[in-house]
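Residue-level structural notes
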Amino acid sequence: MKIVFLDADGTLFHHSGYIPSSALDACNHAQKNGHKICLCTGRQKVEIFGDLTKIDYDGIIAGSGASIFVHGKQIVEKTFDEFEFNTVYNFLNDHQIPALYESSVGIFATQKTKDCLKELLEIQCGHLDDEQRKMHGLYTLYHQVHVVNDLHEHPINKISFLESKTPYQKVYEDLSPVLDVIPATFAPLGKESGEISSKRITKATGMEVLIDYYKMDDKDTIAIGDGHNDLCMFEKAAISVAMGNASIQVKEKADLITTSITDNGIYNAFKDLALI
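Quantities reported herein were computed from a predicted structural model and do not represent experimental measurements.

Let us look at the layout of surface pockets. A volume near 400 Å³ is recorded for the largest pocket. In terms of lining, the largest pocket is formed by 21 residues, of which the most central are Asp9, Gly10, Thr185, Ala187 and Asp226. Of the residues in the lining of the largest pocket, the class split is eight nonpolar, nine polar and four charged. A volume near 350 Å³ is recorded for the second largest pocket.

Below, the discussion takes up empty space enclosed by the protein. Take a probe with the size of a water molecule and roll it over the atoms, and the empty space left behind shows itself. As enumerated under the stated definition, the model contains one cavity of 30 Å³ or more in all. The computed volume of the largest cavity comes to approximately 260 Å³. Every residue lining the largest cavity is counted, 21 residues in all, and those nearest its centre are Asp9, Arg43, Glu47, Thr185 and Phe186. When contributions to the lining of the largest cavity are tallied by element, the ones reaching two or more residues are strand S6 (99-103), helix H5 (137-144) and strand S9 (158-161). The dominant element in the lining of the largest cavity, judged by the number of residues it contributes, is H5, at four residues. Classifying every residue of the lining of the largest cavity by side-chain character gives six nonpolar, eight polar and seven charged.

Another aspect to go through is the side chain of Glu102. The residue Glu102 is located in strand S6 in this model. Taking the relative accessible area as the measure of exposure, Glu102 reaches 4% and is therefore buried. Side chain to side chain, Glu102 and Gln44 meet in a polar contact 3.2 Å long. The contacts of Glu102, once residues within four sequence positions are left out, are Gly42, Gln44, Glu47, Ile107, Pro155, Ile156, Asn157, Lys158 and Ser160.

What follows covers the nonpolar core. By size, the foremost hydrophobic cluster in this structure holds 31 residues, and its most contacted members are Leu6, Leu12, Ile37, Leu52, Ile224, Ile266 and Phe270. Mapped by element, the contributors of at least two residues to this core are strand S1 (3-6), helix H1 (21-32), strand S2 (36-40), strand S3 (59-62), strand S12 (221-225) and helix H10 (265-272). A per-element tally of this core places H1 first, with five residues. Excluding its chain neighbours within four sequence positions, the residues that come into contact with Ile224 are Val4, Phe5, Leu6, Asp7, Thr11, Met233, Phe234, Val241, Met243, Ile266, Ala269 and Phe270.

Once that is clear, we can look at the sheet that holds strand S4 (residues 67-70). Strand order in this open sheet of eight strands is S5-S4-S3-S2-S1-S12-S13-S14, and the pairing throughout is mixed. Every other strand in the sheet has two partners, leaving strand S5 (73-77) and strand S14 (256-257) as the edge strands with one partner each. Direction of pairing for strand S13 (residues 239-242) relative to S14: parallel, over a ladder of two bridges. Bridged to Ala242 within S14 is Ile257. Against the sheet, helix H7 (residues 203-213) contacts S1, S2, S3, S4, S5 and S12, and its axis sits at roughly 160° relative to S3.

In this section: the sheet that holds strand S10 (residues 180-183). Taken in spatial order, the six strands make up an open sheet running S8-S7-S6-S9-S11-S10, and their pairing is mixed. The two strands at the open ends of the sheet, each matched to only one other strand, are strand S8 (145-147) and S10. Looking at each pair of strands side by side, their axes are set apart by 25° on average, direction ignored. Alignment of S6 against strand S7 (residues 106-109), held across three bridges, turns out to be antiparallel. If you follow Tyr101 over to S7, its bridge partner there is Phe108. Sitting on the sheet, helix H2 (residues 82-94) touches S6, S9 and strand S11 (194-197), and the angle it makes with S6 is about 160°. Packing against the sheet, helix H3 (residues 111-125) makes contact with S6, S7 and S8, and its axis sits at approximately 140° to S8.

Rules of the game
- Residues numbered from 1 in each chain as written.
- Predicted model: local features only at pLDDT ≥ 70, side-chain atom pairs only at ≥ 80, totals over all residues.
- Heavy atoms only, no water.
- 1 Å grid on protein atoms, 1.4 Å probe; cavity = no way out; pocket = protein on both sides within 12 Å on 5 of 7 lines; lining within 4 Å.
- Points joined across faces, edges and corners; volume = space filled by probe spheres on them.
- Nonpolar A, V, L, I, M, F, W, Y, C, P; charged D, E, K, R; others polar.
- Helix = DSSP H or I, 4+ residues; strand = E, 2+ residues; numbered from the N terminus.
- Buried < 20%, exposed > 50% of the residue type's maximum accessible area, 1.4 Å probe, protein only.
- Polar contact = N/O pair within 3.5 Å; in protein donor to acceptor, adjacent residues only side chain to side chain.
- Contact = heavy atoms within 4.5 Å.
- Core = buried A, V, L, I, M, F, W, Y, C linked by side-chain atoms within 4.5 Å.
- Pairing = 2+ DSSP bridges.
- Axes fitted to C-alpha atoms, helices over the stretch in contact; angles between N-to-C directions.

Given below as structure tokens:
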């Protein structure tokens, strides 16, 4: 029996709003063969909707390791500590960088950030018809954001910053000594966007919880992903698989490379690994 950890965006879930039918079939077939299928995503639990709910996961690691669920029951919840949060908050404010403050119960932002998000939505989705627009991940994200006056009142576990006049590299250099800073795993936020989380909270620490929960061994673990926040999964798993649409840097760290998400990548990986 293997336990398989699947990233969501770019791996299992296409940003235009669907999971390929071959991937759904592969997950269902693997579970019938006795394997565990776990979602391991930077998305918060409130962002798991649509096709992402078509799989009966054996576990869900959300918020890049902050919140962990087993069959609907939350077993772990972690957040920034006060020092970590204030470090990020003050830096983003000082540099006027729009950002989304994420928690397991909602996504929060200032009105200025939501206005920036709306501009991105118009740029990237203005050419789509109503049905296509509503399926796009950026449209869904925009309508999930709650505007609040005081971001300190909410238990935040991850922060996603939008592209701004401050380049990603500047954010990385200033914050990475005390926090994890990676390029955004949701491309529509812009090429200079990124994600900030606590060094105590990663997809790999989430994997450890579910491995222990199911009393399995590290040698029975498989991780499949396409983005920078999946690299810690690759280090933890016995076998790591990069999607064909992953960046070169991610592919270089993988044991195997499957085809892209639009070319039956999950299905082909499961076949190659004898899960189905």
